[in-house]
Amino acid sequence: MEALRLVLYILHMLAMLAIVVAPFVAGRVHVIQTWGARIQLLLGLGLTGIAEAGDDPVNHAKIGTKLVIMLAVLACAEIGNGRSKRGENGRTLALVAAALAVVNALIAFLW
């Protein structure tokens, strides 16, 4: 079970890297950021499930806060990607998604 948790955690961090780095490389919302947000949400749910199955107690307030922020990241990435495909400016939403992903990581490590 620990090996599965470690693999999911590494993939979760790589997805966060896609969310944070993609707008700076592409200069706009990119499909990589959108897929990174989708994958990070699913992997986070998987990690929560593994934590619930373990013996240690889970901080549900922390998990709920991170879920709400992750949904905001996903919404910003999806809306920005849609605007980008229509030729509109979605850079602000890309940067907001990246900033919220960093806030989510800070909550994970500091709470």
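Provided above is the structure to which this section pertains.
The text that follows walks through the structure, step by step, so that each part is easy to find. (Residues numbered from 1 in each chain as written. Predicted model: local features only at pLDDT ≥ 70, side-chain atom pairs only at ≥ 80, totals over all residues. Heavy atoms only, no water.)

## Comments concerning the environment of Gly46
Quick note on the threshold: Labels follow the DSSP assignment, with helices taken as runs of H or I lasting at least four residues and strands as runs of E lasting at least two, numbered in each case from the N terminus. Three exposure classes are used, based on accessible area relative to the maximum for each residue type with a 1.4 Å probe and protein chains only: buried under 20%, partly exposed in between, and exposed over 50%.
Take Gly46: it is sitting in helix 2 (residues 31-53). Accessibility expressed as a relative area gives 28% for Gly46, which makes it partly exposed. When the C-alpha positions of Gly46 and Leu4 are compared, they lie 9.9 Å apart, and in sequence the two are 42 residues distant.

## Some points on the pattern of salt bridges
Put simply, the rule reads: Whenever Lys or Arg places a side-chain nitrogen within 4 Å of a carboxyl oxygen from Asp or Glu, that contact is recorded as a salt bridge.
Enumeration according to the criterion identifies three salt bridges in this entry. Across the pair Arg38 and Glu78 runs a salt bridge whose closest N-O atoms are separated by 2.6 Å. One end of the pair, Arg38, is in helix 2; the other, Glu78, is in helix 3 (residues 60-85), with 40 residues separating them in the sequence. Salt-bridge contacts for Glu88 lead to Arg86; the nearest nitrogen and oxygen are separated by 3.5 Å.

Distances and angles like these do not, on their own, reveal function.
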